[in-house]
Amino acid sequence: RSALIDTLNRVPHNLSVQLALGELLQLEARLFDATVFSFAQETLLQTIEQYPRHQKPKWALASIYLEQGRVEEAIVLTQEALALDPRVQKAHELHIIAIRFLGDEELLRQAVEAALLAHPTQVMEQQINRILSSEMTYETVSDFLHQFHL
């Protein structure tokens with residue numbers, strides 16, 4: 001973590017380093033110390049502010065919001081990410097996961113259709129089936145997101 005922070009201190013507008021730090025902090029928060037989520041969130045919010053046309057920090061922050069039970073905010077971020085580039089499969093997966101927590105069946109149907117339209121592959125179908133058939137609770141969402149590398 002310190003090497004990434006040192007790099008950002010020397011080169012403050014480095015998207016790759018900011019994303020790596022945000023993801024590292026998120027993983028650290030999941031595995032060791034949930035209080036680190038606030039630092040990960042702050043890092044990703046700054047990255048979104050500096051790079052508003054890049055979708056990866058949006059869905060990375062959305063996964064943190066999901067882990068915090070902030071479903072509506074996660075959905076907004078996944079929608080923004082998909083609006084920037086609907087071809088990214090992970091953004092669709094996270095969007096579907098977030099909508100599952102919301103419990104809106106019509107919105108879920110639309111999200112699944114959009115994902116399959118953007119990715120008409122067997123892999124995407126399998127991922128969607130895994131998402132839809134899995135038991136998800138706020139207590140297990142971290143493990144679930146980790147399995148999907150989100």
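That block above? That's the structure.
Since this is a predicted model, take the numbers as computed values, not measurements. (Residues numbered from 1 in each chain as written. Predicted model: local features only at pLDDT ≥ 70, side-chain atom pairs only at ≥ 80, totals over all residues. Heavy atoms only, no water.)

Student: For this particular structure, what's the right way to read the overall build of the protein?
Tutor: Counting its regular elements, the protein contains 9 helices and 0 strands. Start at the N end of the protein and walk to the C end: the helices and strands fall as α-α-α-α-α-α-α-α-α. By the compact-globule yardstick of 15 Å for 150 residues, the protein fits well, its C-alpha radius of gyration being 15 Å. Over its C-alpha atoms, taken along the principal directions, the protein stretches across nearly 45 × 30 × 25 Å. Counting all 150 residues of the protein, 44% fall into the buried class. Pairs at least 24 apart in sequence give 57% of the contacts found in the protein among residues at least 6 apart. If you sum the accessible surface of the protein, you get close to 7900 Å²; carbon and sulfur atoms cover 53% of it. Taking the average place of the 12 positive charges on the side chains of the protein and the average place of its 20 negative ones, the gap between the two points comes to 7 Å. (Helix = DSSP H or I, 4+ residues; strand = E, 2+ residues; numbered from the N terminus. Rg over C-alpha atoms; globule rule 2.2 N^0.38 Å. Buried < 20%, exposed > 50% of the residue type's maximum accessible area, 1.4 Å probe, protein only. Contact = heavy atoms within 4.5 Å. Areas by Shrake-Rupley, 256 points an atom, 1.4 Å probe, with all protein chains shown as cover. Lys, Arg positive; Asp, Glu negative; His and termini not counted. Charge placed at Lys NZ, Arg CZ, Asp CG, Glu CD.)

Student: What should I look at first to understand a nonpolar patch on the surface in this one?
Tutor: A contiguous nonpolar surface patch, about 340 Å² in accessible area, is contributed by Leu 27, Leu 31 and Phe 32. In this fold, Leu 31 is placed in helix α2 (residues 15-31). Take Leu 31: its relative accessible area is 53%, and that puts it in the exposed class. (Patch = residues over 30% accessible without salt bridge, like charges linked within 9 Å, V, L, I, M, F, W, Y side chains within 5 Å. Salt bridge = Lys/Arg side-chain N within 4 Å of Asp/Glu carboxyl O.)

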